[in-house]
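Examination of the molecular architecture
What follows is the residue order along each chain.
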There are 2 protein chains.
Amino acid sequence: MKTIDAFLLEDVPGYFEGDGRDSDVVLASRVRLARNCKEIPFPNRAGENQLAEVQLRVEKRMPGIGQTLGRQFYRLDMEHLSPIQRGVLAAKSFISPKFTQTPQHRVAFISEDERISLLINEEDHLRIQCMAPGFDLATPAALASKIDDLFEAELDVAFDEKMGYLTSCPTNLGTGLRAMVLLHLPGLTATKNLSGIVNLSPQLGLAVRPVWGNGKENAGDLYYISNQLTLGFSEAELLANMKSTVQEILAHEREARKALAMYAKDGLEDDVWRAYGTLRYARSISEQEALRLLSKLRLGVELKLLHETDTHTCHAILTGCQTACLKNLAENENLSKKEIDRCRAKYIRERLGEKN
Amino acid sequence: MKTIDAFLLEDVPGYFEGDGRDSDVVLASRVRLARNCKEIPFPNRAGENQLAEVQLRVEKRMPGIGQTLGRQFYRLDMEHLSPIQRGVLAAKSFISPKFTQTPQHRVAFISEDERISLLINEEDHLRIQCMAPGFDLATPAALASKIDDLFEAELDVAFDEKMGYLTSCPTNLGTGLRAMVLLHLPGLTATKNLSGIVNLSPQLGLAVRPVWGNGKENAGDLYYISNQLTLGFSEAELLANMKSTVQEILAHEREARKALAMYAKDGLEDDVWRAYGTLRYARSISEQEALRLLSKLRLGVELKLLHETDTHTCHAILTGCQTACLKNLAENENLSKKEIDRCRAKYIRERLGEKN
């Protein structure tokens, strides 16, 4: 096991590592289960002692679960982490930003391979999150279900015969399952075909939302797609619906990229190489600009227009260029916006192998 | 001697070569004398036979002059050059664009070291132009005067006791001397101090004009400064006045650069490196953009902010990125704007040592 400091300094989260399926478009997949202890109020209504009780009950199970799974876990107690460190965990999507706000009795367990993240006293008492690179909902779904079984074997969980699992927020009622994929959609964005998909998604029971900013100016062309419904369907149905819809979006994105590469090749190549030139040499760069250029670069790599760098490096920069990670790298919480923009440019240069 | 084709393909004009004085700001200096044959109308009013007569008289002197100077000359008969080739000579400032329009009996002699350009039947019957790298009016002035003496020894030149040399345009009357320096003024431009100098220049008897575009959008931050007056002063007085004024502008430009490097270093460095990144990797670039970025790059090189390239390369690109030179390089007169922009980007990449 690495130290927690070393783990936090890594810029490529473990769930990005490896050759995931459909990784030209899908960066990662995640399945999350929401569970709550019987007869204890949900975290947003629970008192200090009740949160402590939940923490105790869940934590007690961890050694056994680690042993059964044959995995080691980092134990990350929010109360004992600095705001920067919590920011890094949020930037890597291991925890939600909300989880960092009231750190008392909030603990995350993250597996050594960084594909499991268990959160105690987030919106629900226990959230089981499993991740995989590329488009793969089956592996994390199976793993999350197994972990759930291990917990439920010794934990009384709030469950209603009619409603299913009871959750803090009604949108999670039923299965408590939320599947999510992280998609890179520069082709649909450039060909202006994205709004059609976004508009159609509620009818398909899915939510599409940009990772950064709003729909108009989503700097990185990155989108989360997740199921909106949790009630009235089985886990298997939810996952199957999600899978087939994402496959359709995938096909559209690939078509759009093909069209760009065919009908707008010159402009596309120019964009990609200019993005590379700026990322490689700029001395100051905002997060928005870095994400915008990174999207071009990743597209160029996927379309094999450019061989100077690879997908792995793009994913590293995607995480590492975020403000929390840069502050952590510089070991300085008080960097000004201007200093951060300079740190970001330096980090990206180094990541792209530039020596100056 | 190179062949004329090889001479035209060179991207660094000979007068840019070598370590000129004050070359951080002054790219090159030029002195031009305008002379006309007695009793033959000026070229704009001369008939075909009269132009032929002038050509004959001047050309007859060339072998003797070459011998006396110990120099060889390229003979460039506009009538026998293609429009592209004429364009290249104009892009390198050996001839004026006007000289290329009616090619009959228009001949240029350019010395092998590319520091002398003699034009027959330009605005005047004979124009003697001598150039030197950096800020050096004395060398070209002495050389031009020597060449003038050699011509006048055997050529009856139009001269009036009261007016001095008679010239086609009254602004050249008297000495017929026009001294000109080519200045790179990114510091004064960035600190918005240029207009003061431009406004003051007529009172100093000088004209300041941007090399490209108008004052508002002079893409390369390059300016020609030349004497406006030719009448009522001796050659020595004109040159001395020019020298002292240019020295003042030089000092201001250096102050401005120092101020930028001190108070705006971060932004300046970022600009310089981004310019380098774009020039090195873009797949398509307009002349305007190339010149704008090149100005940043040259400034960065002069301020030692960047060591990836040098002044020589900047000067090469300054010439070589011009449309006429790119058409000549591609041996294709009919390139579209889009194709030229791609050729320009490719040429610049290669000049900056990029292999892709």
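Please read all numbers here as calculations on a predicted model, not as lab measurements.

1. What to know about the pattern of salt bridges
A side chain of one charge can pair with a side chain of the opposite charge if their charged atoms are brought near each other. For the structure shown, the criterion picks out 58 salt bridges over all chains. Salt bridges sharing partners connect three or more residues here, namely A:Lys98, A:Glu122, A:Glu123, A:Asp124 and A:Arg127.

2. Some points on the sheet that holds strand β10 (residues 222-227) of chain B
Residues and elements named next belong to chain B. The eight strands are arranged β2-β3-β4-β5-β1-β8-β10-β9 in an open sheet whose pairing can be described as antiparallel. Edge positions in the open sheet fall to β2 (73-77) and β9 (206-210), since each of these has one partner strand only. Strand-to-strand, the axes of this sheet are offset by a mean angle of 20 degrees, without reference to chain direction. The pairing of strand β8 (residues 177-184) with β10 spans five bridges and is classified as antiparallel. Pairing of Val181 across the sheet is with Ile225, part of β10.

3. Examining unusual backbone geometry
Residues and elements named next belong to chain A. Phi at Lys192 takes a positive value of approximately 60 degrees, unusual for a residue other than glycine. Within the secondary structure layout, Lys192 lies in the loop between α5 (186-190) and α6 (194-200). A positive phi angle is found at Asp221, which is not glycine, with a value near 55 degrees. Inspection of the secondary structure puts Asp221 in the loop between β9 (206-210) and β10 (222-227). The exposure class of Asp221 is buried, given its relative accessible area of 14%.

4. A short note on the confidence of the model for chain A
Overall, the prediction assigns chain A a mean pLDDT of 92, with 99% of residues at 70 or greater. Scored as a complex, the prediction yields pTM 0.91 and ipTM 0.88.

5. Observations regarding the pairing of strand β3 (residues 107-111) of chain B
Residue and element names in this part refer to chain B. Across the five residues that make up β3, a large majority, five, are buried. Side chains Val107, Phe109 and Ser111 project from β3 onto one buried face, and the interleaved Ala108 and Ile110 project onto a second face that is buried too. Two strands pair when backbone bridges link them, and β2 and β3 are joined in this way by five bridges, in the antiparallel orientation. The residue of β3 that forms the bridge with Tyr74 is Ile110. Relative to strand β4 (residues 116-120), β3 is paired through four bridges, and the arrangement is antiparallel. Along β4, the bridge assignment pairs Val107 with Ile120. Hairpin geometry of β3 and β4 is characterised by an intervening segment of four residues between the two adjacent antiparallel strands and by a positive phi of about 60 degrees at Glu114.

6. Some details on the side chain of B:Glu253
Residue and element names in this part refer to chain B. With respect to the helices and strands, the residue Glu253 is situated in helix α7 (residues 235-263). There is a polar contact of 2.6 Å between the side chain of Glu253 and the side chain of Arg257. Those residues within four positions of Glu253 in sequence are excluded, and the remaining contacts are Val25, His184, Leu185, Pro186, Gly187 and Leu188.

What counts, and where the lines are drawn
Residues numbered from 1 in each chain as written. Chains lettered and ligands numbered in written order. Predicted model: local features only at pLDDT ≥ 70, side-chain atom pairs only at ≥ 80, totals over all residues. Heavy atoms only, no water. Salt bridge = Lys/Arg side-chain N within 4 Å of Asp/Glu carboxyl O. Pairing = 2+ DSSP bridges. Helix = DSSP H or I, 4+ residues; strand = E, 2+ residues; numbered from the N terminus. Axes fitted to C-alpha atoms, helices over the stretch in contact; angles between N-to-C directions. Buried < 20%, exposed > 50% of the residue type's maximum accessible area, 1.4 Å probe, protein only. pLDDT = per-residue confidence, 0-100. Polar contact = N/O pair within 3.5 Å; in protein donor to acceptor, adjacent residues only side chain to side chain. Contact = heavy atoms within 4.5 Å.

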